[in-house]
Amino acid sequence: MERMPDIAVVNVSGDLDVTSVGALRRTIDALIADGCRRIVLNMDDVGFADSAGLGLVLCELRRMRSLGGLLSLTNVRPRVYMSLALMRIVDYMPVSRAGSKRTVSELDPSVLPLWRTTFPVDAVHLGEARDHVGELMRGMPFSDDEIFDMTLACGEALGNAVDHTCARGVLATVTAYDDRIEVDVADCGDGFELGADEEPPEAGPGAERGRGIRLMRLLADAVSITRKPSGKGTVVRLVKLVPAREKIGVVGGAGA
């Protein structure tokens, strides 16, 4: 299990049935009691789920919703997904199938953004910066769950910038295109770079930064980490694609 203050990824092992729901329930309940409000169940190792397992998922989903949080499933195998679909659970929670990660293509340089806004980040009020990103996303056809995930991913990037580089001098830039939204978090540190398929550095118990990068990759559709083109510092870019079910018509804009 990977854990940040507000997010946890729980690896579910074996069948999710009447014999295993008790242990999983205790794990989830302990996380909720500890203040966690975003839980992702990694179902990569689950080949079967019975009514007890599905009932647990639905019960914990309702509980998280009532607390203003979110529970989701990732890497769900086909047979388990079929059971979730028959129970209509996929209609009420984010569920991603195994191997269904969306591919984020490079933008054509000639494509102009719908709008762009940049604002300074106050290290003492990171919540305000996260909320502002969420408000901007509400002008686009994203669901509440998608906005929830993106604001948490941005929170990881903002927290890293403030905690590991500079408490001042952090800027956030939100850019909207027809098919995506991009959030750039720029800091004034020494500079850090990580390839798209490269694992974050492991530095023992204090490796909050590494865990944060993995969680950002889980919550956003794409994450890039590069040095600033000029001067000192790092730019973390998070991309969230507009759902294929939607097309942007009138977009709630933001000032440049």
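Just above sits the structure.
Below is a summary of the structure that appears in this document. Computed from a prediction, not measured in an experiment: that's the story for all the values here.

## Regarding the pattern of salt bridges
Reasoning step 1: Under the counting rule described, the total for this entry stands at nine salt bridges.
Reasoning step 2: D149 is the partner of R38 in a salt bridge, and the nearest nitrogen-oxygen pair spans 2.5 Å. Taken together, the residues R38 in strand 3 (residues 38–45) and D149 in helix 5 (residues 144–164) connect sequence positions 111 residues apart.
Reasoning step 3: Judged by relative accessible area, D149 falls into the buried class, the value being 10%.
Reasoning step 4: A single network of salt bridges, built from pairs that share partners, joins D29, E60 and R63.

## Quick look at the environment of G47
Reasoning step 1: For G47, the position within the fold is in the loop between strand 3 and helix 2 (51–66).
Reasoning step 2: For the pair G47 and G14, spaced 33 residues apart in sequence, the C-alpha separation works out to 7.0 Å.
Reasoning step 3: Beyond its immediate chain neighbours, meaning those up to four positions away, G47 contacts G14, D15, R77, R79 and V80.

## Considerations on the packing of aromatic side chains
Reasoning step 1: Across all of its chains, the model carries zero aromatic pairs by this definition.
Reasoning step 2: Sitting over the ring of Y81, R97 keeps its end group 3.7 Å from the ring centre.

## Some remarks on the packing of helix 4 (residues 126–137) against helix 5
Geometry of a packed helix pair, given as the angle between the helix axes and the separation of the axes.
Reasoning step 1: At their nearest, the axes of helix 4 and helix 5 sit 9 Å apart, and the two run at 145 degrees to each other. Note that helix 4 runs across helix 5; the crossing there is right-handed. Packed against helix 4, whose contacting residues are L126, A129, R130, V133, G134 and M137, the element helix 5 presents E146, I147, M150, T151, C154, G155, L158, G159 and V162 at the interface.

## What about the sheet that holds strand 10 (residues 234–241)?
Reasoning step 1: If you trace the five strands from one edge of the open sheet to the other, you get 6-7-8-10-9, paired in antiparallel fashion. Two strands lie at the open edges of the sheet, namely strand 6 (115–120) and strand 9 (222–227), each paired on one side alone. Within the sheet, the average angular offset between the axes of one strand and its neighbour, ignoring direction, is 15 degrees.
Reasoning step 2: As defined by bridge partners, strand 9 adjoins strand 10 across six bridges and the pair is classed as antiparallel. Bridge pairing in strand 10 places A222 opposite V239.
Reasoning step 3: Relative to strand 6, helix 4 is tilted by about 170 degrees, and along the sheet it contacts strand 6, strand 7 (171–176), strand 8 (180–186) and strand 10.
Reasoning step 4: Against the sheet, helix 5 engages strand 8 and strand 10, with an angle of about 175 degrees to strand 10.

The rules behind each value
All chains use their own residue numbering, which begins from 1 and follows the written sequence. Note on the predicted model: pLDDT of at least 70 is required for a residue's local features to be given, and 80 or more for side-chain atom pairs to be given and counted; whole-chain, interface and lining totals, by contrast, use all residues. For the side-chain quantities, the full set of heavy atoms in the structure was used; hydrogens and water were omitted. Think of a salt bridge as a Lys or Arg side-chain nitrogen and an Asp or Glu carboxyl oxygen that are within 4 Å of each other. We count a stretch as a helix when DSSP gives it H or I for four or more residues in a row; a strand needs E for two or more, and each element gets its number in order from the N terminus. Each residue's exposure class comes from its accessible area (1.4 Å probe, protein chains only) as a fraction of the maximum for that residue type: buried when under 20%, exposed when over 50%, partly exposed otherwise. Contacts are assigned to residue pairs with any non-hydrogen atoms lying within 4.5 Å of each other. Each Phe, Tyr or Trp ring, with Trp reduced to its six-membered ring, pairs with another whose centre is within 6.5 Å; inter-plane angles below 30 degrees give stacked pairs, above 60 give edge-to-face pairs, and intermediate values give tilted ones. Whether a charge sits over a ring depends on NZ of Lys or CZ of Arg being within 6 Å of the ring centre and within 35 degrees of the ring normal. Geometry is summarised by axes, namely lines fitted to C-alpha atoms with helices restricted to the contacting stretch, and by angles between N-to-C directions that run from 0 to 180 degrees. With the far helix as reference, a near helix turned anticlockwise by less than a right angle produces a left-handed crossing, and one turned clockwise produces a right-handed crossing. DSSP bridges decide pairing: two strands pair if at least two such bridges lie between them.

Keep in mind that these numbers describe shape and distance, not what the molecule does.
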